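Structure at a glance
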Amino acid sequence: MTAINSVEDLCVLIQSRITWARGEEPETLAPDTPLLERGLLDSLAIMEIVAALGQQAGIELPETEIVAANFRTPQALWAVVRNAPSGAQA
């Protein structure tokens, strides 16, 4: 299991789920990167992030928290992740 102990760890996880355009250089995300505004996330990427949080870090986001507002920036998602219940540990 991979620990998500900081917003920086979360940025790395999010970055790994972004589909960068052909020829586009992947960038390092900052906590305040506007993910939705810049079109970096779509609904599939959001679900992949949610799944990765569960599979890799044992963090289960309640369905009520899987809303666009919580995916505006890594910092916004971090506020939810910090308070999310941990799933069953492997």
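For the structure, check the block above.
As for the environment of M47
Checked against the element boundaries, M47 lands in helix 2 (residues 43-57). Spatially, the C-alpha atom of M47 lies 22 Å from that of R22, the residues being 25 residues apart in sequence.

Focus: the nonpolar core
I4, I14, L41, L53, L61 and V81 are the most contacted members of the largest nonpolar core, which totals 27 residues. The set of elements that each furnish at least two residues to this core consists of helix 1 (7-17), helix 2 and helix 3 (74-83). Once residues within four sequence positions are removed from consideration, V81 is found in contact with I4, L10, L53, I59 and L61.

Some words on the packing of helix 1 against helix 2
The N-to-C vectors of helix 1 and helix 2 enclose an angle of 130°; their axes lie 9 Å apart at closest approach. Classified by the angle their axes make, helix 1 and helix 2 are oblique. Judged by the twist between their axes, the crossing of helix 1 over helix 2 is right-handed. Residue-level inspection shows L10, L13, I14 and R17 of helix 1 in contact with helix 2, the latter providing A45, E48, I49, A52, L53 and Q56.

Comments concerning the environment of G39
Mapping G39 onto the fold places it in the loop between helix 1 and helix 2. You can call G39 exposed: its relative accessible area is 56%. Sequence spacing of G39 and I18 is 21 residues, and the spatial spacing of their C-alpha atoms is 9.9 Å.

Digging into the pattern of salt bridges
Side chains that differ in charge, positive against negative, can pair when their charged atoms come close. Taken as a whole and judged by the stated rule, the model has one salt bridge. One salt bridge connects E27 with R38, and the closest N-O pair in it is separated by 2.6 Å. Separated by 11 residues along the polypeptide, E27 in the loop between helix 1 and helix 2 and R38 in the loop between helix 1 and helix 2 bring together distant segments of the chain. With a relative accessible area of 41%, R38 lands in the partly exposed category.

Focus on the packing of helix 1 against helix 3
Across the interface, helix 1 lies against helix 3 with an axial gap of 9 Å and an inter-helix angle of 115°. With respect to their mutual orientation, helix 1 and helix 3 come out roughly perpendicular. Seen from above, helix 1 lies across helix 3 with right-handed handedness. The residues of helix 3 that touch helix 1, namely those facing V7, L10, C11 and I14, are P74, Q75, L77, W78 and V81. Residues that form the contact of helix 1 with helix 3 fall into these classes: eight nonpolar, one polar and no charged.

Reading the values: rules and limits
- Residues numbered from 1 in each chain as written.
- Predicted model: local features only at pLDDT ≥ 70, side-chain atom pairs only at ≥ 80, totals over all residues.
- Heavy atoms only, no water.
- Helix = DSSP H or I, 4+ residues; strand = E, 2+ residues; numbered from the N terminus.
- Core = buried A, V, L, I, M, F, W, Y, C linked by side-chain atoms within 4.5 Å.
- Buried < 20%, exposed > 50% of the residue type's maximum accessible area, 1.4 Å probe, protein only.
- Contact = heavy atoms within 4.5 Å.
- Axes fitted to C-alpha atoms, helices over the stretch in contact; angles between N-to-C directions.
- Parallel < 35°, antiparallel > 145°, perpendicular 65-115°, else oblique.
- Left-handed = near helix turned anticlockwise from the far one by under 90°.
- Salt bridge = Lys/Arg side-chain N within 4 Å of Asp/Glu carboxyl O.
- Nonpolar A, V, L, I, M, F, W, Y, C, P; charged D, E, K, R; others polar.

Read these as spatial facts, not as claims about activity.
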